[in-house]
Amino acid sequence: MEGEAVTDRRSDCLFCKIVAGEVPADIVREGERTIAFRDINPQAPTHVLIIPRDHYPDMASAGAAGIGLLDEIAREAGEIARAEGIADSGYRMVFNTGPGAGQTIFHVHGHLLGGRGLEWPPG
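Residues numbered from 1 in each chain as written. Predicted model: local features only at pLDDT ≥ 70, side-chain atom pairs only at ≥ 80, totals over all residues. Heavy atoms only, no water.

## Some thoughts on the overall build of the protein
Next, step 1: Scanning the protein from terminus to terminus reveals three helices and five strands.
Next, step 2: Reading the secondary structure of the protein in the N-to-C direction produces α-β-β-β-α-α-β-β.
Next, step 3: Since a compact globule built from 123 residues should have a radius of gyration of about 14 Å, the 14 Å found for the protein is in line with a globular shape.
Next, step 4: C-alpha extents for the protein along the principal axes are approximately 40 × 30 × 25 Å.
Next, step 5: In the protein, buried positions account for 37% of the 123 residues.
Next, step 6: Sequence-distant contacts in the protein: of pairs separated by 6 or more residues, those separated by 24 or more amount to 55%.
Next, step 7: Of the charged side chains in the protein, 11 are positive and 18 negative; the average position of the first set lies 3 Å away from that of the second. (Helix = DSSP H or I, 4+ residues; strand = E, 2+ residues; numbered from the N terminus. Rg over C-alpha atoms; globule rule 2.2 N^0.38 Å. Buried < 20%, exposed > 50% of the residue type's maximum accessible area, 1.4 Å probe, protein only. Contact = heavy atoms within 4.5 Å. Lys, Arg positive; Asp, Glu negative; His and termini not counted. Charge placed at Lys NZ, Arg CZ, Asp CG, Glu CD.)

Okay, structure coming up:
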């Protein structure tokens, strides 16, 4: 159902496996409801994925839940950007939603990108 988390970890979800500690990741920061780790295929000097511990398939479903999860991801992004030294120079947060937008893992995740000039428009 849209807006509801699948709180039982999905056995076929890579990010649920990372949350459960079944798959290793280079963890940058952990919060009560989120975890952040370095992307294995970085597109910028700083490329960190920020995910909720609960499973939501995409940004729209996480936002529809109305529990402030996307706000929390944005706060975490700001903290990570400060820790990585990119807050002042600027950074980008990207949520790919759906296969047409390039989403390949269907567990909501924000890409925090920075450390180099980022062109506009993206893509």
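## Considerations on unusual backbone geometry
Next, step 1: Look at the link from Trp120 to Pro121: it is a cis peptide, with omega at 0 degrees.
Next, step 2: When you line up the elements, Pro121 lands in the segment after β5 (110-114).

## Regarding the side chain of Asp39
Next, step 1: Mapped onto the elements of the fold, Asp39 is located in the loop between β2 (34-38) and β3 (46-52).
Next, step 2: Buried within the structure, Asp39 lacks any salt-bridge partner; its nearest side chain of opposite charge belongs to Arg38, at an N-O separation of 11 Å.
Next, step 3: Reaching out from Asp39, the side chain makes a polar contact with the backbone nitrogen of Asn41 at a distance of 2.7 Å.
Next, step 4: Not counting residues within four places of it along the chain, the set of residues in contact with Asp39 comprises His47, Val48, Leu49 and His111. (Salt bridge = Lys/Arg side-chain N within 4 Å of Asp/Glu carboxyl O. Polar contact = N/O pair within 3.5 Å; in protein donor to acceptor, adjacent residues only side chain to side chain.)

## Considering the packing of aromatic side chains
Next, step 1: Taken as a whole and assessed by the stated rule, the structure comprises one aromatic pair.
Next, step 2: Taken together, a centroid distance of 5.5 Å and an interplanar angle of 75 degrees make the contact between Phe15 and Phe37 edge-to-face. Remark: Phe37 occurs in strand β2 and Phe15 occurs in helix α1 (residues 14-19); sequence separation between them is 22 residues.
Next, step 3: Classification of Phe37 as buried rests on a relative accessible area of 3%. (Phe/Tyr/Trp six-rings, centres within 6.5 Å; stacked < 30°, edge-to-face > 60°.)

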